[in-house]
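# Structural characterization, general
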Amino acid sequence: MPSIPEQGAWPAPLGLLGGTFDPIHHGHLRLAEEAREALGLARVRLIPAGQPPHRSSPRSLAAHRLAMTRLAIAGNPLLEVDDGEVLASTRSYTVLTLERLRSELGSRQPLVLILGADAFEGLPSWHRWTELLGLTHIAVANRPGYAPHGRRWPGTLSAELDAACAGRIGENGAALATSPAGRIVPFDMTPLAISASLIRDLFAGGHSVRYLLPDPVLDYIDKHSLYR
Ligand code: ATP
């Protein structure tokens with residue numbers, strides 16, 4: 001874990017929520033909101049991926065996913081959007097985004113990468129994943145369909161991820177406020193079995209998706225004939 005000499009008060013932790021957001025939905029928004037509240041984050045920055053490395057091409061163009069993300073958080077000053085991955089011409093690797101944010105925000109800013117349990121379990125497949133905890137803390141939310149992680153995720157993690165967690169698990173947000181990076185904090189959020197794939201499937205079947213995502217996002221989807 002990085003050890004930084006004391007230089008006065010720490011800036012309040014900033015949450016980071018990356019995703020394909022294809023489209024953004026209330027599961028993402030509650031994840032951001034509940035992480036912010038549970039972990040004492042100053043704000044949460046949503047970072048739509050441009051070209052996500054882990055999956056086939058998103059259904060909607062990056063510019064549409066960015067626009068929908070902006071609409072979804074409009075009016076909430078505690079949420080913000082980072083367009084860095086969308087505007088980049090390279091693949092969206094989280095480690096590169098974290099390096100950019102570190103150089104923008106400085107070495108003392110506590111950063112908290114917010115992940116659903118499914119994303120956390122897949123961490124060892126991420127580009128330069130062993131460097132992530134040198135750049136950010138990680139907060140892991142439960143997600144329906146994934147084993148409840150409890151405090152130590154008994155039996156659900158790969159051996160390499162389990163080893164990377166050793167000595168890093170914090171009980172609550174306090175663990176994130178006095179160092180810039182390196183801790184892992186699980187937290188419970190209201191279980192919402194909403195996913196972007198479910199929404200795309202509902203669209204494909206001609207079903208309603210109303211109330212699974214914000215109305216302005218749905219209006220945008222209709223206006224631009226997305227997911228048809
Ligand atoms: P898809 O169904 O297309 O895979 P998704 O709904 O999982 O998409 P992503 O953009 O891939 O959305 O997810 C971004 C982040 O949000 C991930 O860390 C994921 O675990 C988390 N997340 C998405 N939906 C939920 C939810 N309903 N509850 C908790 N976390 C969620």
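Residues numbered from 1 in each chain as written. Predicted model: local features only at pLDDT ≥ 70, side-chain atom pairs only at ≥ 80, totals over all residues. Heavy atoms only, no water.

Two numbers describe a pair of aromatic rings. These are the distance of the centres and the angle of the planes. Enumeration over the complete set of coordinates arrives at one aromatic pair. Considering the side-chain rings of Phe203 and Tyr227, the 5.7 Å spacing of their centres and the 20 degrees angle between planes classify their relative orientation as stacked. Placement of Phe203 in helix H7 (residues 196-204) and of Tyr227 in the segment after helix H8 (215-223) is noted, with a sequence separation of 24 residues between them. Classification of Phe203 by relative accessible area gives buried; the value is 10%. Tyr227 sits in the buried class, given a relative accessible area of 3%. Arg108 extends its terminal NZ or CZ atom over the ring of Trp10, reaching a point 4.1 Å from the ring centre. (Phe/Tyr/Trp six-rings, centres within 6.5 Å; stacked < 30°, edge-to-face > 60°. Helix = DSSP H or I, 4+ residues; strand = E, 2+ residues; numbered from the N terminus. Buried < 20%, exposed > 50% of the residue type's maximum accessible area, 1.4 Å probe, protein only. Lys NZ or Arg CZ within 6 Å of the ring centre and 35° of its normal.)

All right, on to the nonpolar core then. By size, the foremost hydrophobic cluster in this structure holds 41 residues, and its most contacted members are Leu46 and Phe187. The residues contacting Leu46, other than those within four sequence positions of it, are Leu17, Phe21, Ile24, Ala32, Thr69, Ile73, Leu79, Glu80, Val81 and Asp82. (Core = buried A, V, L, I, M, F, W, Y, C linked by side-chain atoms within 4.5 Å. Contact = heavy atoms within 4.5 Å.)

This brings us to the pairing of strand E2 (residues 43-48). Counted residue by residue, E2 has five buried out of six residues, so it is predominantly covered. In the sheet, strand E1 (residues 14-19) pairs with E2 via six bridges, with the strands oriented parallel. The partner of Leu17 across the bridge, within E2, is Leu46. Following the chain from E1 across helix H1 (residues 26-39) to the adjacent parallel E2, one finds a crossover that is right-handed. Two strands pair when backbone bridges link them, and E2 and strand E3 (residues 79-81) are joined in this way by three bridges, in the parallel orientation. Residue pairing in the sheet places Leu46 in a bridge with Val81 of E3. (Pairing = 2+ DSSP bridges. Right-handed = clockwise from strand over helix to strand, strands pointing away.)

This part takes up the pairing of strand E5 (residues 137-141). When you tally the buried positions in E5, you get five out of five residues, the bulk of the element. Here E5 shows two buried faces, one formed by His137, Ala139 and Ala141 and the other by Ile138 and Val140. The pairing of strand E4 (residues 111-116) with E5 spans five bridges and is parallel. Within the sheet, the bridge partner assigned to Leu115 lies in E5 and is Val140. Bridging between E5 and strand E6 (residues 184-187) involves four bridges; their strand directions are parallel. Its bridge partner lying in E6, Ile138 is registered against Ile184.

Any functional reading would require information that these geometric values do not contain.
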